[in-house]
Amino acid sequence: MDTATHFVMGIGLAGLAYTDPVVAGDPKLAAVVLLATVVGSQAPDFDTLLRLKNNAAYIRNHRGLSHSIPFWLIWILSITGLICLIFRDVPPGHIALWVTIAVCLHVFTDLFNTYGTQAFRPFTNKWISWNIIHIFDPFIFGTHVAAIMLWITGLVSPAPLFITLYILIGLYYIWRTWSHFITKKAVRDMDTQRQEGDTYYIIPTVSWNRWHVVKAHQNGSYDIGGLHGKHLFWTKHATPSTHPAVEASKSYRDVQAFRYFSSFAVAEVEELEWGYIVRWGDVRYRHRRQYPFVAVVAMDKQFGLINSYIGWLSDEKMQKRLSLHTN
C-alpha cells in the first residue's frame, strides 16, 4: 500500500488496541501504543532512504530485504526495545504485540499489490505480487479516515468501531480476491485471440470494474489491454527487441536493477546518429501509451555508456532528465 494508507492503518490498529482492557484502562499506554503502531506500520518502508544513494539501489531493494521474514523480527524487537527504553513504565508485552500486528499487517497488505514484496526471503527471493488490490485503494483509505474521525470526535467508542472496521476490511479483501479470480477466468474466456500457453495477468486500478490486462505469450511477447466492465480490449503488442544494444545495456547498473525487480521487462531500441537509446519498460504499468516505470540507457556506437536513468518518468521528462536530443 502507499504511505498514507499505511499511516491511517497504524492509527486504526491503535484504535483496535482498545479491545485490550489494559490498553483501554491506561491513557498513557494507549498513547504509547498509538506511537508503536504508527511506527510499526511504516517500518518496513524505511528502505525508502535508499533513494538518497541512487534510484537503482532503491528500485532493486525497496520492499525486498526490509519486508523479509528476518526483518519482521528486527523491526519488532528494535521498535519495541526503543519505545520501552524511552517509556520505561509501559508493559513490553503489550507494546510488542501491537508492533508485531502493525509490521505483519504492513507486509501482508503489500502482497496484494502489483509492486509486490520479497516477503518470504530467505526461503525464496521471488517477488510476490498477487495483483488484487491497487497500491492506493480509496475504500481502504476512506473507511479508515471515516473511522478515525468518528473516534476523534467521540461519537463512537474505539473498540466496537475498529472491530467493525477490520471485519469489514477483511470481508473486502476476501471479495476482491474472489473478484480477481473470477475476472481472470472471464478474461481468458472472453479473449477470442487466446493461444495455447498464454498466461493472463489482471492488474487492479482504483476502480472496481476497470482492470489492466497483460497477456504473456510463450515467445516472450505481450499483449497489453484492459477490461472495462465486460468490455475486453487490446491496445498494444510488445515484442522484446533482439538488437545488440539491448544485450549491451544489460551490463549497466540501472538496467540490472530494473530486470532484477521486474519479470515483465520489454526493451525497445532507438538508433540515432550518435548511438542508441534503449528503453526498458514494465508492461504492467503501461499508461497513456507510455511506460512510466522505465530504465533508459543512452550509449554511443560502441555501446559505451553516455547516461542512464531508472524510475517513474514520462517520455518528455525522461529526455530532459538524460539531457538527450533525439531530433
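In case you missed it, the structure is sitting above this.
Residues numbered from 1 in each chain as written. Predicted model: local features only at pLDDT ≥ 70, side-chain atom pairs only at ≥ 80, totals over all residues. Heavy atoms only, no water.

### Notes on helix H1 (residues 3–16)
Short version of the rule: We count a stretch as a helix when DSSP gives it H or I for four or more residues in a row; a strand needs E for two or more, and each element gets its number in order from the N terminus. To estimate how far a helix should reach, multiply one less than its number of residues by 1.5 Å. Per-residue accessibility, obtained with a 1.4 Å probe over protein chains only, is compared with the maximum for each type, and a residue is labelled buried under 20%, exposed over 50%, and partly exposed between these values.
Over its 14 residues, H1 extends 20 Å from the first C-alpha to the last, a length consistent with the 20 Å expected when each residue adds 1.5 Å. Of all the positions in H1, only Thr 5, His 6, Val 8, Met 9, Gly 10, Ile 11, Gly 12, Leu 13, Ala 14, Gly 15 and Leu 16 are classed as buried.

### Digging into the sheet that holds strand E1 (residues 199–204)
In any sheet, the strands associate via hydrogen bonds between backbone groups, in a parallel or an antiparallel arrangement. Note the following rule: Criterion used throughout: strands pair if DSSP finds at least two bridges between them. Lines fitted to the C-alpha atoms define the axes, with helices restricted to the stretch that makes contact. Angles between their N-to-C directions range from 0 to 180 degrees. Whether two residues are in contact is decided by their heavy atoms, any of which lying within 4.5 Å being enough.
Strand order in the open sheet formed by four strands is E1-E2-E3-E4, and the pairing between neighbours is antiparallel. A strand with exactly one partner marks an edge of an open sheet, and here the two such strands are E1 and strand E4 (231–238). Here the average twist between neighbouring strands, direction ignored, is 25°. Direction of pairing for strand E2 (residues 210–216) relative to strand E3 (residues 222–228): antiparallel, over a ladder of seven bridges. Its bridge partner being in E3, Arg 210 is matched across the sheet by His 228. Along the sheet, helix H8 (residues 158–190) makes contact with E1, E2, E3 and E4, crossing E1 at roughly 135°.

### Overview of the pattern of salt bridges
A side chain of one charge can pair with a side chain of the opposite charge if their charged atoms are brought near each other. How we decide: What counts as a salt bridge is simple: a side-chain nitrogen of Lys or Arg found within 4 Å of a carboxyl oxygen of Asp or Glu.
Applying the stated criterion to the full structure yields eleven salt bridges. Where Asp 189 meets Lys 185, a salt bridge forms, and the shortest distance between an N and an O atom there is 3.2 Å. You can see Asp 189 and its partner Lys 185 sitting in helix H8, four residues apart, about one turn around the helix. For Asp 189, a relative accessible area of 52% gives the class exposed. Between Lys 250 and Glu 247 there is a salt bridge, with the nearest N and O atoms lying 3.2 Å from each other. Sharing partners across several salt bridges, the network here consists of Asp 191, Lys 215 and Asp 223.

### Observations regarding the nonpolar core
For soluble globular proteins, the rule of thumb is that nonpolar side chains tend to be buried together. Applied cut-off: Only buried residues count toward a nonpolar core, which is a set of Ala, Val, Leu, Ile, Met, Phe, Trp, Tyr and Cys residues joined through side-chain atoms within 4.5 Å.
Counting 41 residues, the largest nonpolar core has Ile 95, Ile 133, Phe 162 and Tyr 173 as its most contacted members. Of all the secondary structure elements, the ones that give two or more residues to this core are H1, helix H3 (27–42), helix H5 (69–86), helix H6 (92–110), helix H7 (138–152) and H8. Sort the elements by how many residues they give to this core and H8 lands first, with seven residues. With near-sequence residues (within four places) excluded, Ile 133 lies in contact with Met 1, Phe 112, Asn 113, Ile 140, Tyr 172, Tyr 173, Arg 176 and Pro 204.

By themselves, these are just geometric observations and shouldn't be taken as functional.
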